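# Overview (structure and organization)
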Amino acid sequence: MSSLDYLIVGTGLFGSVLAHKLHGIGKKCLIIDKRTHIGGNVYTENINGINVHKYGAHIFHTSNKQVWDYVNSLVEFNRYTNSPVANYKGKLYNLPFNMNTFYQMWGVTTPEQAAAKIAQQRQESGIVNPSNLEEQAISLIGKDIYYTLIKDYTEKQWGRKATELPAFIIKRLPVRFTFDNNYFNDKYQGIPIGGYTKLIEKMLEGVEVKLNTDYFENKPYFDSIADRVVYTGEIDRFFDYCYGHLEYRTVFFETELLEGISNYQGNAVINYTDAVTPYTRIIEHKHFEFGQQPDTVISREYSKEWRPGDEPYYPVNDDRNSALYAKYKELAGKQSKVIFGGRLAEYRYYDMHQVIESAFELYDKLTK
Ligand code: FAD
Ligand code: UDP
């Protein structure tokens, strides 16, 4: 007889939402993580009063009211609106691509002039059916913006030519003909006051948590103590890489506490869109929460090719990896006890709100 209803592998957002919901209806759950802390990639660490996003800038945004109400029922969110700035060889441009960017790029002052400029560049490119990121970007926004704000940044971030990347990646960014620097189109947006770790702590209140615990170090034991296992780690690792490794893009951070400097760059996120600057962006964490501390903490974000053993961050949804994932997914479908969910187990470029939606769906399925 197993003593638990659920063993949940991974204290990231997926595992924590599920644990919270299942615990809420009286299910006995144990949640484990191989890391030394809860929260997976949304983990924030307090340094000199500043909540540092240890695994990269995380801005919560959603149009799903159920998801928004859920997170707000746990912690209070502030009114932060992400408005990154791009630095290309010392000149600054607003993001996402909007009337401010078009003015900075071309000096145009009306939506009509901007649209005409883009239409002209699109026509000159001759692209009709964009089949990769480069073609998609040029046909969306024209070659000037592509070469200044997209090409080098994208190739730094993904380590691949923009012509070899799927078009959908660039469609994540809004293009607008208004003077609006909001990076997202979603209805709701903000940052949990006090950091994401506080949000995860709330989710895991009353749930048994074991950190520094790798599921694979004692899989037979963990499988024996629960009726069901929810696995949120890498799907290929679960199957011992029997078809080979799925690839990821990984990032690493150089984080610095700047004592006595209260405002380093005036914005939470500045992207460096040229090819020479080795990092993709600098995050100044205090601005996510309008911090007034005397010091500041910045992180330079570098992107690099993932090697087995590195921290997996972004799934690379190209043809090769998508085909490989399909094979692992088929194996996963044959597991009766283990359920797979989250960014790594589903090998999807999920944002936080999508992870929560996906955890809600699984919860509904398990409890219906
Ligand atoms: P994870 O957070 O990866 O959690 C999985 C957990 O499982 C980890 O803690 C891991 O240690 C644990 N685990 C894995 N294997 C094992 C094992 N064998 N045993 C025990 N534990 C194990 N989303 C947004 O909405 N807005 C943003 O601004 C945003 N910015 C991002 C920036 C970066 C740099 C990255 C990488 C992602 C960003 N995201 C953003 C996406 C967001 O991080 C994810 O959607 C979300 O954190 C995924 O949650 P998860 O639970 O699926 O995975
Ligand atoms: N991108 C770009 N220039 C920028 C910001 C983004 O070319 O200044 C491209 C890049 O290809 C990136 C994609 O747009 O992968 C999506 O950007 P987003 O900020 O959504 O990426 P994430 O937050 O996941 O790092």
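See the structure above.
Keep in mind the model is a prediction, meaning the values are calculated, not measured.

## A closer look at the pairing of strand β7 (residues 91–94)
Relative to β7, strand β6 (residues 85–88) runs antiparallel, the two sharing four bridges. Looking at β7, one finds that Tyr 88 is bridged to Lys 91. A loop of two residues connects β6 with β7, the two strands running antiparallel in sequence, and Lys 89 in this loop sits at a positive phi of about 50°.

## Observations regarding the environment of Gly 90
Mapped onto the fold, Gly 90 is located in the loop between β6 and β7. Distance in space between the C-alpha atoms of Gly 90 and Asp 274 is 9.6 Å, their sequence separation being 184 residues.

## Here we look at the site of ligand 2
Taken together, the neighbourhood of ligand 2 is formed by 17 residues, with Leu 149, Thr 154, Trp 158, Tyr 183 and Tyr 349 sitting nearest. The contact in question runs from an oxygen atom of ligand 2 to an N or O atom on the side chain of Trp 158, over 2.9 Å. Tyr 183 is positioned such that a nitrogen or oxygen atom in its side chain is 2.5 Å from an oxygen atom of ligand 2. For ligand 2, whose unbound accessible area comes to 520 Å², protein coverage reaches 93%. It is helix α6 (residues 143–158) that contributes the most residues to the shell around ligand 2, six residues altogether. Among the residues forming the shell around ligand 2, the class breakdown is 11 nonpolar, four polar and two charged.

## Some details on the packing of helix α1 (residues 13–24) against helix α11 (residues 352–367)
Packing of α1 against α11 brings their axes to within 9 Å, and their N-to-C directions diverge by 40°. As judged from the angle between their axes, α1 and α11 are oblique. The crossing of α1 and α11 is right-handed. Across the interface between the two elements, Leu 13, Phe 14, Val 17, Leu 18, Lys 21 and Leu 22 from α1 touch Met 352, Val 355, Ile 356, Ser 358, Ala 359, Phe 360, Leu 362, Tyr 363, Leu 366 and Thr 367 from α11. Looking at the contact of α1 with α11, its residues break down into 13 nonpolar, two polar and one charged.

## Describing the nonpolar core
Leu 13, Phe 60, Phe 97, Phe 102, Ile 145, Ile 150 and Ile 356 are the most contacted members of the largest nonpolar core, which totals 80 residues. Looking at which element gives the most residues to this core, the answer is α11, with seven residues. Residue contacts for Ile 145: discarding those within four places in its chain leaves Phe 97, Thr 101, Phe 102, Met 105, Trp 106 and Ile 150. With 28 residues, the next largest nonpolar core counts Ile 32, Ile 235, Phe 239 and Tyr 328 among its residues.

## Side note on the packing of aromatic side chains
Applying the stated rule across the entire model yields 35 aromatic pairs. Between the aromatic rings of Phe 60 and Phe 77, the centroid separation amounts to 5.6 Å while the plane-to-plane angle is 70°, which identifies the pairing as edge-to-face. Here the residue Phe 60 occupies a position in strand β5 (residues 60–62), and Phe 77 occupies one in the loop between α2 (65–74) and β6, the gap between them amounting to 17 residues. Note on Phe 77: relative accessible area 9%, which makes it buried. Centre to centre, the rings of Tyr 146 and Tyr 147 are 4.9 Å apart; their planes meet at 70°, and the pair counts as edge-to-face. The class for Tyr 147 is partly exposed, based on a relative accessible area of 39%. Through a chain of ring-to-ring contacts, three or more aromatic side chains come together here, namely Tyr 215, Phe 216, Tyr 221, Phe 222, Tyr 231, Phe 238, Phe 239, Tyr 243, Tyr 328 and Phe 340. The side chain of Lys 21 reaches across the aromatic face of Phe 360, ending 4.8 Å from its centre.

The rules behind these values
Residues numbered from 1 in each chain as written. Chains lettered and ligands numbered in written order. Predicted model: local features only at pLDDT ≥ 70, side-chain atom pairs only at ≥ 80, totals over all residues. Heavy atoms only, no water. Pairing = 2+ DSSP bridges. Helix = DSSP H or I, 4+ residues; strand = E, 2+ residues; numbered from the N terminus. Near = heavy atom within 4 Å. Polar contact = N/O pair within 3.5 Å; in protein donor to acceptor, adjacent residues only side chain to side chain. Areas by Shrake-Rupley, 256 points an atom, 1.4 Å probe, with all protein chains shown as cover. Nonpolar A, V, L, I, M, F, W, Y, C, P; charged D, E, K, R; others polar. Axes fitted to C-alpha atoms, helices over the stretch in contact; angles between N-to-C directions. Parallel < 35°, antiparallel > 145°, perpendicular 65-115°, else oblique. Left-handed = near helix turned anticlockwise from the far one by under 90°. Contact = heavy atoms within 4.5 Å. Core = buried A, V, L, I, M, F, W, Y, C linked by side-chain atoms within 4.5 Å. Buried < 20%, exposed > 50% of the residue type's maximum accessible area, 1.4 Å probe, protein only. Phe/Tyr/Trp six-rings, centres within 6.5 Å; stacked < 30°, edge-to-face > 60°. Lys NZ or Arg CZ within 6 Å of the ring centre and 35° of its normal.

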